Structures are given as C-alpha cells and as structure tokens.
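# Structure assessment
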Amino acid sequence: SQRQPNGSDWTYNLQGVRRVLYRLPELLGKPAIVVVEGEKDVDRAWSLGIPAPCNPMGAGKWDSSYNDQLQSAGVRKVAIIPDNDAPGRAHARAVGQSLHASGLEVRLVTLPGLADGGDLSDFLEQHTKEELIDLVRRADLWTPSVRLDRPVKQFEELGEQRYRLSVPGVTLEVSRLRR
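Heads up: these notes are all about the structure in this document. All values reported here derive from a predicted model rather than from experimental measurement.

What counts, and where the lines are drawn
- Residues numbered from 1 in each chain as written.
- Predicted model: local features only at pLDDT ≥ 70, side-chain atom pairs only at ≥ 80, totals over all residues.
- Heavy atoms only, no water.
- Helix = DSSP H or I, 4+ residues; strand = E, 2+ residues; numbered from the N terminus.
- Rg over C-alpha atoms; globule rule 2.2 N^0.38 Å.
- Buried < 20%, exposed > 50% of the residue type's maximum accessible area, 1.4 Å probe, protein only.
- Areas by Shrake-Rupley, 256 points an atom, 1.4 Å probe, with all protein chains shown as cover.
- Lys, Arg positive; Asp, Glu negative; His and termini not counted.
- Charge placed at Lys NZ, Arg CZ, Asp CG, Glu CD.
- Salt bridge = Lys/Arg side-chain N within 4 Å of Asp/Glu carboxyl O.

## Quick look at the overall build of the chain
- Each helix and strand in the chain was counted, giving five helices and eight strands.
- In the chain, the order of α-helices and β-strands from amino to carboxyl end is β-β-β-α-α-β-α-β-α-α-β-β-β.
- Taken over the C-alpha trace, the chain has a radius of gyration of 21 Å; the compact-globule value for 179 residues is 16 Å, which it surpasses by more than 25%.
- With respect to the principal axes defined by its C-alpha atoms, the chain has extents near 65 × 50 × 35 Å.
- Residues counted as buried form 34% of the 179 residues belonging to the chain.
- Carbon and sulfur atoms make up 48% of the accessible area of the chain, which amounts to about 11,400 Å² in all.
- Separation between the mean location of the 24 positive side-chain charges and that of the 24 negative ones in the chain comes to 8 Å.

Structure follows, in structure tokens:
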C-alpha cells in the first residue's frame, strides 16, 4: 500500500505527495525512450540499455504532469509498449493521447505473439533486444483518432465578418472571409 512518513510513523495515503515516473532521473538526456506499464518491465528494458519509465500505481493512472517530467528530462520521442490486455491497451492509448498533446513524437508498439496479459518481459523471454528495437523503429507515428460521433458543424456567423467552422477536434475562426 502507498504511504508517506509523518514524523516517526506512516500515513497510508498520498495526499500532497508529488508523484514522479519510476527511474525518472536516469532519463535525463535520453531523447528517445519506451514507456511500459510496470516496474518489472522498466527494469528489464534498462537491463538491455533501453531507457524506460512507468507511472506510479499502474494502468489508467497516467497524469499530464508526467509529460512535463519527460520533456524536462530532454525526451522528444516515446514508444509506448502496452501489456497485452484491455487495461494495458486502454492505458497505452491514454498515455499516447496525453504525450501527443504535449508535442512529443509517439509510437504505439504492439508486441506480436504475446499471450493474453503478456508484457515486455514476456516478449523478451523469446525475442532479442534487436528484434524489439526493430519493432520500435518500424512502428508508425501515432496520432489520436478523431471520433466523428457528433455532427460536423457548418460555418457559424459570429458577426462583424467573423466566422467559425468546428469539426471534431478542430475549430477554425476566420475574419473577412472571401470567395
């Protein structure tokens, strides 16, 4: 359980505690990293010389403050390697969306041949560091999907020759529209 010191004893909560990425200080000056889901996978990646962090408390707990931590460390490119389960994939998408919004280059890397619930450590039991690096390099740049589940809005007149066009994920405002 999570706790913090309160003098000579412990308080079993994290109220007021700043959370940091696992192994954050070691990321300083590393422009390209992989983000994984747990400490075991972080340590396994580092054992191969691959810089990696994870967020505290597991899947679904990414906070936008971690983006700032990565950028302050000099990170510019991130490959996210999810665990092979629904929470892992959802976590990877949420992390990717958050990092992408911060301007980082994001790749989402799906490891082939993993059993349900498998992770990076499981993959590396059967594959080499070189195979992993090849998968990361071949992964496409990732961008969040734009959901078109609400209607596209046409031009909206704002007055004084100003107009707005809103589509999911993008809003354009123009003045003095000409044909």
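There's more to say after this.
## Quick word on the pattern of salt bridges
- Tallied over the full model, the rule gives five salt bridges.
- Between Arg107 and Glu105 there is a salt bridge, and its shortest N-O distance comes to 3.4 Å.
- Salt bridges linked by common partners bring Arg23, Glu26 and Asp43 together as one network.

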